[in-house]
6 protein chains.
Amino acid sequence: MIYLTRRERFNAAHRMYRDDWDDEKNLAVFGKCSNPNWHGHNYELFVTVCGEPDPETGLLINLKDLSRIIRQRVIDPLDHKNINLEVPFMKGRIASTENLAIAIWEELEEPLRHKGITLCSVKISESENNFVEYKKNH
Amino acid sequence: MIYLTRRERFNAAHRMYRDDWDDEKNLAVFGKCSNPNWHGHNYELFVTVCGEPDPETGLLINLKDLSRIIRQRVIDPLDHKNINLEVPFMKGRIASTENLAIAIWEELEEPLRHKGITLCSVKISESENNFVEYKKNH
Amino acid sequence: MIYLTRRERFNAAHRMYRDDWDDEKNLAVFGKCSNPNWHGHNYELFVTVCGEPDPETGLLINLKDLSRIIRQRVIDPLDHKNINLEVPFMKGRIASTENLAIAIWEELEEPLRHKGITLCSVKISESENNFVEYKKNH
Amino acid sequence: MIYLTRRERFNAAHRMYRDDWDDEKNLAVFGKCSNPNWHGHNYELFVTVCGEPDPETGLLINLKDLSRIIRQRVIDPLDHKNINLEVPFMKGRIASTENLAIAIWEELEEPLRHKGITLCSVKISESENNFVEYKKNH
Amino acid sequence: MIYLTRRERFNAAHRMYRDDWDDEKNLAVFGKCSNPNWHGHNYELFVTVCGEPDPETGLLINLKDLSRIIRQRVIDPLDHKNINLEVPFMKGRIASTENLAIAIWEELEEPLRHKGITLCSVKISESENNFVEYKKNH
Amino acid sequence: MIYLTRRERFNAAHRMYRDDWDDEKNLAVFGKCSNPNWHGHNYELFVTVCGEPDPETGLLINLKDLSRIIRQRVIDPLDHKNINLEVPFMKGRIASTENLAIAIWEELEEPLRHKGITLCSVKISESENNFVEYKKNH
C-alpha cells in the first residue's frame, strides 16, 4: 500500500471558547487560547491519501489534482481568515485543532472519493510542538 | 566579536491596515493581510547580542538572563495577543513585521544595555518564506 | 480516532555499555557511542495520545495537562542529566534510545490513564538521522 | 513493538515519462516533471525497521549495519545519478516517487531479513511538500 | 536598516563541467557532481532587500511584488529545468552554486532598483549542508 | 564577495564549570549546565569561507577539501567526545559555546589560509534556540 502525503499551509486567527460560557469560564478552561481579541497560527496541513499506483503513470494521484482539491476545499476558506467567524465548515464547532482536523477530513473525503482516491489521514501542525492527526478505522 | 542569538516564539493575531483608509483602500494595498476579521501567525524571534565573552565565565551573557528579558519585555506582551489592539509598544504603528522588528529593538535595547550588553540584531520570521531583520549601523 | 502529539525536548549525556563487559568488548559492539567519558544529545520526544475529543471542549486532552505530566515524569528527570548515572527509570537498563522509549512509555502510561487518556506512541529523535518509536498492539 | 528509522539522503536527476508516449502526451499527463532535459531533487529516504530490541545490547539493530546496507543497496546506486538512465533497480519503471519507494523496499527487504530484521516502511520526501510511503500488510 | 528576506524554491538538474575539458578531467576536478547523465537538487533561494520601510504602509516592499519579480526573473527560468542547457542567464557559465548566486543577483538587481528597492544579498541552499551567499560591498 | 557555508555536525558531552570554583559556586553561576555528571548536545557547526570564485572552476573552494579540513581539525576531535576532558583545543578553556566557536576558528584559520582560503565566520547551534557566531573584523 502506498501512502502519499501533500503538505499545504494556511495562516489564520482563532479563539478557543464556547458561546454558552462567559469569558471567565472560557478563560478558566482554555487559558490564554481564549483571548477575546483572538490570536493566530501558521498551520501546516498534511493530507495523506492511500492506495495502489496507477500502472499506466506510476502515480497514486496526480499531485496537481490533489493540491487543487485541498486548496479549493480547505486552504481558500481558511487562509488569512478567522476560523471562528468566517469558515463555513467550522460553523457551530469549537475552533480546536482536533475539530479542525475532523472538519477538513469531512471536506476532503467526498471530492477525493469522486476521483477514486481514498483519504487516509489528515494531520495538522499548530506549532512546532503540537500536532493533531485524524485517521478512520486505523 | 561574538554574536549570541536566542530564539523565542509567540503566536499572535494581526491585520495590516491604516485606520485613516477605508476597508477598500486597505484591501487594495495590503490584500488578504488586511482581512477585518484578523488572521495570525506563529512568529519566531531571533535576538542577537554581541561583544566579548566574560573571561571569568566564558559567556557573553547568561542565557537565562537574556531569555528572561526577552520574555518580560517582548514575548509576554505579544504571545496569544492581538498585535493591533493589545500590544502597548505597537500602539499607533501599522502592524507590519518591519515595524514589529523596530519596536522590539526599542523594547530590548535599553534593558540589555543596562546589563552591559549590546543589542546587534532583531530578526523575525513571520512564515517559512518571509523574514525581517533590523540592524543598526551595519 | 484523533491522535494528539506533544513535542518536548531534553539534553542529556549517555554512554552505550554493559558493565559486565570490559571497555574493549563495549567498544567492539557499540563503537564510539561507548566512549567512557560520555557523549550527549539534544533529544526530541514526541508523545502521542489518542481517543475521541471531549464534545464539551473539542479537546482530546488539555495540552497544559499533557505537557505538565510529560515534564514532571520524563523531562525533569532527564534534562541536563547523565542517563546512565542519574535517571531513576533507566537504572539497570542499557542507555539505548530503544530502551529509553520503552521506559518513557512506562513512566507515562499510568498517569495518563489516571486522567482517562490512552497513550498511543512514544517517539524519540536522537539526531536528525535516527528515530525510535514504541507503540503497543499496533 | 519498536520502530527504528534511519534517514539517508541522495541527490538525483529524473524525468516523468513513458517511452511509448510521445513528448506531447508525456507533457499533457506529467506536466513540467516531464521536461526532456531532466530536473532533479534532494531526496530524503526514511527506512523503518521493526521488532523487539536485543536484550543483550538494547538495540533493535546496530545503526552502523543498517546504514551500511541502505548505502550499499540504495544510496550508492542513486546518489548523483540519473534515475531513468543509470539506476539498475529502476529499469523499466516510470521514475515516480511511488515506484521508487516500492523499488527501494524490494532492494532492502531481503538483505535486512538476512540479518534477522523486518522492514516496516520506506518513506521518501521528494520536496518539503511531497512525501510517499510504502508499507506492506498495514 | 531593515533587511527583508523572501524564500523561493526551485528544482533543477545540473552538472559541473567545462566543455573544454574531457570527461576524465571534469571527473577528476568535480567528482560525482560531474556525472554526464546529470543529477539535481531542490534549491532554496533567499533574496534579501534592504532599506527603510515606507512610512505610509510600514512595508519595505510589498511582498507580492517582490515574489512576482523573483518568480518571473529567476524561478520560472530555473524550475524543473536543466541549468546547463536551458537557463538563459547561465549560458556560458559553469553551473556552480557560486555562479548561480551571481547570475541571480544580476537578474534581480535592475528590476528591483526600478521599483526603488536595493538588493542586499542572494543566498542559495543547494542541500542542508551547503549554502552560498553573494553580497556586494559588504 | 561570495560566502560559502558548510554545515557539519557533532555530538558531545560537556559541563560548564571552573575548577577553581566549588560545585556550589559553579551551580550558582551556571545552573543545570554545571551538572557534575555531564550533559550533552547535538551541535551543528556552520563554517563560512569567503572570497572570489576561481574562474577556472566556478568554485570558491572544492567542498570536499573544505569538508575534509573541518572533519580532520574539528569534527574528529569533538564527535562523541567529552569537551572538557578529551578535546585538545579546549584544554584550559571553559566549555562554553562562545569559547568553542573561538577555538574552532583558531583550528581552522591556518589550514584554510594554507589553501588560499579566507575564514569568515564560525557559527555553532547548541540547540534550536541558542546560536553563537564568531566573526573577526566585522
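Of the regular secondary structure elements, chain A holds 4 helices and 5 strands. The N-to-C order of helical and strand elements in chain A reads β-α-β-α-β-α-α-β-β. On the principal axes, the C-alpha backbone points of chain A span a range of 60 × 30 × 25 Å. Within chain A, buried positions represent 62% of all 138 residues.

The next subject is the interface of chain C and chain F. In this assembly, 25 residues from chain C lie in contact with 25 residues from chain F. Taking both partners together, chain C and chain F bury about 2,000 Å²; carbon and sulfur atoms supply 42% of that area. Summed over the shared surface of chain C and chain F, the number is 6 salt bridges. Linking chain C with chain F are 21 residue pairs in polar contact (both at pLDDT 80 or more). Put simply, the parts of the chain that give the side of chain C that touches chain F at least two residues each are β1 (2-14), β2 (39-51), β3 (81-82), α3 (83-86) and β4 (118-127) of chain C. Class assignment of the residues belonging to the side of chain C that touches chain F gives a composition of 5 nonpolar, 11 polar and 9 charged.

The subject of this paragraph is the state of the cysteines. Residues and elements named next belong to chain E. A full pass over the atoms with the stated rule returns 6 disulfides over all chains. One disulfide in the model links Cys-50 with Cys-120; its S-S distance is 1.6 Å. One end of the pair, Cys-50, is in strand β2 (residues 39-51); the other, Cys-120, is in strand β4 (residues 118-127), and 70 residues separate them in sequence.

Let us now look at the arrangement of the chains. At the level of C-alpha atoms, the two units chain A and chain E stay apart, their nearest approach being 15 Å. The smallest C-alpha distance separating chain D from chain F is 15 Å, and no contact links them.

Residues and elements named next belong to chain F. The topology assignment puts Arg-15 in the loop between β1 (2-14) and α1 (23-30). For Arg-15, a relative accessible area of 7% puts it in the buried group. Sequence spacing of Arg-15 and Pro-36 is 21 residues, and the spatial spacing of their C-alpha atoms is 6.9 Å. Those residues within four positions of Arg-15 in sequence are excluded, and the remaining contacts are Asp-23, Asn-26, Cys-33, Ser-34, Asn-35, Pro-36, Trp-38, Asn-84 and Ala-95. Within the structure, the side chain of Arg-15 is placed 3.0 Å from the side chain of Asp-23, a separation counted as a polar contact. Within polar-contact distance, the side chain of Arg-15 engages the backbone oxygen of Ser-34 at 2.8 Å.

All chains considered together, the criterion is met by 24 aromatic pairs over all chains. An angle of 85° between the planes, with centres 5.3 Å apart, marks the rings of F:Trp105 and F:Tyr134 as edge-to-face. Taken together, the residues span a long stretch of sequence, with F:Trp105 in helix α4 (residues 97-114) and F:Tyr134 in strand β5 (residues 130-134) at a distance of 29 residues. Classification of F:Trp105 by relative accessible area gives buried; the value is 2%. F:Tyr134 sits in the buried class, given a relative accessible area of 12%. Taking the ring centre of B:Tyr17 as reference, the NZ or CZ of B:Arg15 above it sits at 4.1 Å. Of note, D:Lys25 hangs over the ring of D:Trp21, and the distance from its end group to the ring centre comes to 4.4 Å.

What follows covers the pattern of salt bridges. All names here are of chain C. Inspection of every chain in the model, using the stated rule, returns 84 salt bridges over all chains. Close ionic contact of Arg-93 with Glu-106 constitutes a salt bridge, the shortest N to O distance being 2.6 Å. Linking Arg-93 in the loop between α3 and α4 (97-114) with Glu-106 in helix α4, this pair joins segments that are 13 residues apart in sequence. With a closest N to O distance of 3.8 Å, Arg-113 and Glu-109 form a salt bridge. Placement of both Arg-113 and Glu-109 in helix α4 is noted, with a separation of 4 residues, approximately one turn of the helix. Here Arg-113 falls in the exposed class, since its relative accessible area comes to 52%.

On to the side chain of E:Asn82. Mapped onto the elements, E:Asn82 comes out in strand β3 (residues 81-82). A polar side-chain atom of E:Asn82 sits 3.0 Å from the main-chain carbonyl oxygen of D:Asn37. Apart from the residues lying within four places of it in its own chain, the contact partners of E:Asn82 are D:Asn35, D:Asn37, D:Trp38, E:Ala13, E:Trp38 and E:Val87.

Of the two same-sequence chains, chain C is brought onto chain F (RMSD 0.0 Å, axial shift 0.0 Å) by a rotation of 180°. The transformation relating the two chain copies, once decomposed into turn and shift, fits a two-fold axis. The residues that chain C uses at the interface reappear at the interface of chain F in 100% of cases, marking a shared surface.

This part is about the pairing of β4(C). Residues and elements named next belong to chain C. Burial analysis of β4 places 8 of its 10 residues in the buried class, the great majority of the element. Of the strand pairs in this sheet, β2 and β4 are connected by 7 bridges, and their pairing is antiparallel. Paired with Glu-44 across the bridge in β4 is Ser-125. By the bridge criterion, 5 bridges tie β4 to strand β5 (residues 130-134) in an arrangement that is antiparallel. Looking at the pairing, Ile-124 lines up with Val-132 of β5.

All names here are of chain A. Burial within strand β2 (residues 39-51) is extensive, with 12 of its 13 residues counted as buried. Here 13 bridges tie strand β1 (residues 2-14) to β2, and the two strands are oriented antiparallel to one another. In the strand pairing of β2, Asn-11 is matched with Asn-42.

A few words on the packing of helix α2 (residues 63-78) of chain F against α4(F). Residue and element names in this part refer to chain F. Closest axis-to-axis distance for the α2/α4 pair is 10 Å, and the angle between their directions is 140°. On the basis of their axis angle, the class for α2 and α4 is oblique. As α2 packs across α4, the resulting crossing turns out to be right-handed. Counting all contacts with α2, which are made through Leu-66, Ile-69, Ile-70, Arg-73, Val-74 and Leu-78, the residues of α4 involved are Leu-100, Ile-104, Glu-107, Leu-108, Glu-110, Pro-111 and Leu-112. Here the contact of α2 with α4 is built from residues that sort into 10 nonpolar, no polar and 3 charged.

This brings us to unusual backbone geometry. Apart from glycine, the bulk of residues carry a negative phi angle, and the bulk of peptide bonds sit in the trans form. Positive phi outside glycine occurs at B:Trp38, with the angle close to 75°. By the element assignment, B:Trp38 lies in the loop between α1 (23-30) and β2 (39-51). A relative accessible area of 11% means that B:Trp38 is categorised as buried. Despite not being glycine, D:His80 has its phi angle at roughly 60°, a positive value. Residue D:His80 is classed as buried on the basis of its relative accessible area, which comes to 7%.

Here is what the cut-offs are and how they apply
Residues numbered from 1 in each chain as written. Chains lettered and ligands numbered in written order. Predicted model: local features only at pLDDT ≥ 70, side-chain atom pairs only at ≥ 80, totals over all residues. Heavy atoms only, no water. Helix = DSSP H or I, 4+ residues; strand = E, 2+ residues; numbered from the N terminus. Buried < 20%, exposed > 50% of the residue type's maximum accessible area, 1.4 Å probe, protein only. Contact = heavy atoms within 4.5 Å. Buried area = accessible area lost by both parts, 1.4 Å probe. Salt bridge = Lys/Arg side-chain N within 4 Å of Asp/Glu carboxyl O. Polar contact = N/O pair within 3.5 Å; in protein donor to acceptor, adjacent residues only side chain to side chain. Nonpolar A, V, L, I, M, F, W, Y, C, P; charged D, E, K, R; others polar. Disulfide = S-S within 2.5 Å. Phe/Tyr/Trp six-rings, centres within 6.5 Å; stacked < 30°, edge-to-face > 60°. Lys NZ or Arg CZ within 6 Å of the ring centre and 35° of its normal. Least-squares fit on C-alpha atoms with pLDDT ≥ 70 in both. Pairing = 2+ DSSP bridges. Axes fitted to C-alpha atoms, helices over the stretch in contact; angles between N-to-C directions. Parallel < 35°, antiparallel > 145°, perpendicular 65-115°, else oblique. Left-handed = near helix turned anticlockwise from the far one by under 90°.

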